Amino acid sequence: MREYDEIIAILGEWGPFQALIYILLSLSAIPSGYTALSMVFLADIPPHHCRLPFLNSSYGGLGYNLSIPTEEVKGKIILSRCRRYIEQGDSDAVFGNDTEGCLDGWVFSKERYVSTIVTEWNLVCDDAWKAPFTVTVFFLGVLAGSFCSGIISDRYGRKLTFFSSKALLTVFSLVLIASNSWEMFCVVYCFVGMMDVANYCTAFILGAELLSKSARMSFGILGVCSCFAIGYAILPLFAYFIRSWRTLQLALSLLGFLYIPLWWYVPESPRWLITQGRFQEAEAIIRAAAIKNGITPPDDFFQLEHSAEEKTIEHESGGQNKYTWLDLLKTKNIRNITVLNIIIWISINIAYYGLSFNTSNLDGDPYLNCLIAASTEFVAYIFVWFTTRYAPRRFTLPFTLLLGGVLLLLIELVPQELNALTVALAMTGKLVVTGAFSFVYFYSTELFPTVVRNMGLGVTSMAARIGSTLSPYIAYIGTYNSVLPYILMGAISIISGVLSLLLPETKGEELPELISQVKPLQWLCRKKKSVDKNNQDGSLRSEVELTLHQRGLQTTINTF
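Predicted model, so just to flag it, every value in this text is computed and none were measured.

With that settled, the discussion passes to the pattern of salt bridges. Inspection of every chain in the model, using the stated rule, returns three salt bridges. Measuring nitrogen to oxygen at the nearest pair gives 2.8 Å for the salt bridge that ties Glu 120 to Arg 246. One end of the pair, Glu 120, is in helix α6 (residues 117-121); the other, Arg 246, is in helix α11 (residues 245-254), with 126 residues separating them in the sequence. Using a relative accessible area of 34% as the deciding quantity, one classes Glu 120 as partly exposed.

Turning our attention to the packing of aromatic side chains. Under the definition given, this model contains 27 aromatic pairs. Taking 4.9 Å as the distance between ring centres and 35° as the angle between the ring planes, the aromatic pair formed by Phe 138 and Tyr 189 counts as tilted. Highlighted residues: Phe 138 in helix α7 (residues 130-156) and Tyr 189 in helix α9 (residues 182-210), separated in sequence by 51 residues. Looking at Phe 138, the relative accessible area reads 1%, which means it is buried.

Quick look at unusual backbone geometry now. Positive phi values are uncommon outside glycine, yet Asn 122 reaches one of about 50°. Its place among the elements puts Asn 122 in the loop between α6 and α7. Under the relative-accessibility criterion, Asn 122 is labelled partly exposed at 29%. The backbone of Cys 125 shows a phi angle near 55°, a positive value even though the residue is not glycine. Of note, Cys 125 is situated in the loop between α6 and α7.

Further remarks concern a nonpolar patch on the surface. Taken together, the side chains of Leu 250, Leu 254, Phe 257, Ile 260, Trp 263, Trp 264 and Tyr 265 define a hydrophobic patch exposed on the protein surface, amounting to about 790 Å² of accessible area. Residue class for Leu 254 comes out partly exposed when judged on its relative accessible area of 43%.

Attention now goes to the environment of Leu 326. Position of Leu 326 relative to the elements: it lies in the loop between α14 (304-316) and α15 (332-357). It is 9.9 Å that separates the C-alpha atoms of Leu 326 and Met 455, two residues lying 129 residues apart in sequence.

Before going further, it helps to spend a moment on the packing of α15 against helix α17 (residues 393-410). Where α15 contacts α17, the axes come no closer than 12 Å and their chain directions differ by 45°. When the axis of α15 is compared with that of α17, the two are oblique. Between α15 and α17 lies a crossing of left-handed hand. From α15, Ile 344, Ile 348 and Leu 355 reach across to α17, where they touch Leu 397, Leu 401 and Leu 408. Its residues assigned to classes, the contact of α15 with α17 comprises six nonpolar, no polar and no charged.

Attention now moves to the nonpolar core. Ranked by size, the top nonpolar core spans 133 residues in total, and within it Met 39, Phe 41, Phe 357 and Leu 397 carry the most contacts. For Phe 357, the residues in contact, after removing those within four places along its chain, are Ala 36, Leu 37, Met 39, Val 40, Val 135, Phe 139, Ser 471 and Ala 475. Core analysis: the next-biggest nonpolar cluster, separate from the first, contains five residues, Trp 272, Leu 273, Ala 282 and Ile 285 among them.

Positionally, Ser 28 belongs in the loop between α2 (16-27) and α3 (30-37). Polar side-chain contacts of Ser 28 include one of 2.5 Å to the backbone oxygen of Leu 25. Non-local contacts of Ser 28, meaning those with residues more than four positions away in its chain, are made with Phe 162, Lys 166, Asn 199, Ala 203 and Tyr 259.

So, on to the packing of helix α10 (residues 213-241) against α11. Viewed as axis vectors pointing N to C, α10 and α11 meet at an angle of 140°, and their least axial separation amounts to 10 Å. By the criterion of interaxial angle, the relationship of α10 to α11 is oblique. Relative to α11, the crossing made by α10 is right-handed. Facing α10, whose interface residues are Leu 235, Phe 238 and Ala 239, α11 presents Leu 248, Ala 251 and Leu 252. Considered class by class, the residues forming the contact of α10 with α11 number six nonpolar, no polar and no charged.

Among the structural elements, Thr 116 can be located in the loop between β6 (106-108) and α6. What Thr 116 contacts, discounting residues up to four positions off in sequence, is Phe 41, Leu 42, Asp 44, Pro 46 and Trp 245.

With 18 residues, α17 extends 26 Å between its outermost C-alpha atoms, agreeing within 8% with the 26 Å of an ideal straight helix rising 1.5 Å per residue. Of the positions making up α17, those classed as buried are Arg 393, Thr 396, Leu 397, Pro 398, Thr 400, Leu 401, Gly 404, Gly 405, Leu 407 and Leu 408.

Calculation notes
- Residues numbered from 1 in each chain as written.
- Predicted model: local features only at pLDDT ≥ 70, side-chain atom pairs only at ≥ 80, totals over all residues.
- Heavy atoms only, no water.
- Salt bridge = Lys/Arg side-chain N within 4 Å of Asp/Glu carboxyl O.
- Helix = DSSP H or I, 4+ residues; strand = E, 2+ residues; numbered from the N terminus.
- Buried < 20%, exposed > 50% of the residue type's maximum accessible area, 1.4 Å probe, protein only.
- Phe/Tyr/Trp six-rings, centres within 6.5 Å; stacked < 30°, edge-to-face > 60°.
- Patch = residues over 30% accessible without salt bridge, like charges linked within 9 Å, V, L, I, M, F, W, Y side chains within 5 Å.
- Areas by Shrake-Rupley, 256 points an atom, 1.4 Å probe, with all protein chains shown as cover.
- Axes fitted to C-alpha atoms, helices over the stretch in contact; angles between N-to-C directions.
- Parallel < 35°, antiparallel > 145°, perpendicular 65-115°, else oblique.
- Left-handed = near helix turned anticlockwise from the far one by under 90°.
- Contact = heavy atoms within 4.5 Å.
- Nonpolar A, V, L, I, M, F, W, Y, C, P; charged D, E, K, R; others polar.
- Core = buried A, V, L, I, M, F, W, Y, C linked by side-chain atoms within 4.5 Å.
- Polar contact = N/O pair within 3.5 Å; in protein donor to acceptor, adjacent residues only side chain to side chain.
- Expected span 1.5 Å × (residues − 1).

What is shown is where atoms sit, not what they do.
Next up, the structure:
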């Protein structure tokens with residue numbers, strides 16, 4: 001039976017067909033960049049205070065200063081956002097020292113935004129938890145989508161799943177605009193998260209199965225991830241010119257229609273078609289790709305039916321073992337690898353999305369800060385691409401996490417007047433954390449054995465959503481204390497960086513096929529080597545003693 005890679009080797013490593021697939025599937029990741037991070041602007045909280053119906057002065061007028069207490073936020077004295085003085089007697093503008101909540105609503109500053117979902121549904125004070133929870137709902141949808149999309153893709157095909165999720169993502173994004181309540185917005189936004197991750201993951205799988213081995217890593221790092229960063233960079237540009245959340249969401253949603261022509265250029269995965277017994281369709285796609293690359297395949301080259309028959313016989317004869325999620329905990333080595341990967345993935349997601357959502361809390365222009373944050377991702381992906389080719393795996397992951405953690409912790413020591421230095425440290429920290437974010441996926445694929453590799457990545461990816469759902473609350477703390485989020489994310493990054501030092505090296509080594517071939521953690525490996533050395537030394541010592549003893553006996557015999 002010939003392997004699939006051997007069958008498609010006739011296409012060559014690179015040609016017009018591979019270039020077209022590489023470009024189109026990479027471009028399909030652009031909406032994921034602005035969809036996942038649009039809440040930076042859609043749910044931003046403008047300056048606000050209690051509405052006073054008996055005053056007609058504008059925001060920040062003298063009447064407000066007399067009727068609303070002040071509070072200190074991020075070292076600045078501002079009007080209280082949730083309290084006002086209780087009016088005394090029948091006379092207007094006479095107040096005591098007692099305060100009450102904002103019974104008549106709030107006044108929001110229009111200086112930066114015409115509207116956000118916060119101003120639309122008053123998601124402040126007692127309802128302030130709803131803004132970060134909206135992002136949590138999105139990532140709960142991502143969690144469900146990452147689980148379901150793989151099952152649907154395996155059953156109904158990559159192409160159908162890819163375009164269906166792309167279409168539904170556009171539809172739900174448009175429905176989001178019609179939300180007439182926060183509850184409706186959350187429900188629809190959850191489905192947006194499901195469709196977004198389904199589209200992203202299926203595009204990744206399609207590229208991996210349609211492209212040659214040499215192009216897959218470039219596609220995963222420089223292709224898909226860079227286009228995700230392009231979508232991230234588009235977001236602040238749109239948000240700068242469109243200050244109403246509904247109009248901004250409409251403009252971003254309409255970009256989805258640009259992907260309709262891809263249906264005629266992106267084929268189904270021949271690998272998936274072969275597994276379904278649809279040999280003629282798979283052969284037609286491979287032949288068409290060969291012709292596009294200027295290659296005429298021989299008539300007897302495709303023996304797909306024969307290969308599939310052998311696979312069926314092997315499966316029916318019980319030649320393959322069936323593995324479950326529990327096999328990820330079966331032995332000590334794979335259990336350690338699984339637990340460590342889960343912790344590291346959660347930590348990286350907290351830091352990455354926490355830094356991304358916290359850009360609006362940085363001093364300076366939020367649009368410029370968001371654009372800089374998106375630009376750092378390009379540098380991070382180039383760095384990861386370089387290190388995956390030349391540096392050990394055990395250097396790259398700990399280096400990025402530890403350096404990122406130290407940079408974030410240094411922000412606490414920066415004086416308040418040096419805002420530019422704070423932004424520089426935050427952006428540099430995000431750069432290296434982004435490098436870890438993109439690198440850990442490839443490192444994990446090399447750590448898990450082939451028989452449970454997909455399940456291992458599925459478990460760690462689902463666990464990573466725990467970090468994603470917590471990240472908006474880390475960023476929300478920044479509205480009250482600008483330094484505390486960086487302390488939390490820096491500490492988490494350093495802890496995970498130290499733990500990553502325990503992972504074994506995989507660069508240039510054969511990938512494990514079976515669970516029994518999984519490597520032990522680094523300190524266990526050293527301990528085992530030490531034990532082996534001691535045993536070896538002990539054996540050598542015993543051997544020497546035995547030899548000396550024998551020589552002693554021989555000397556005694558010679559004396560007699």
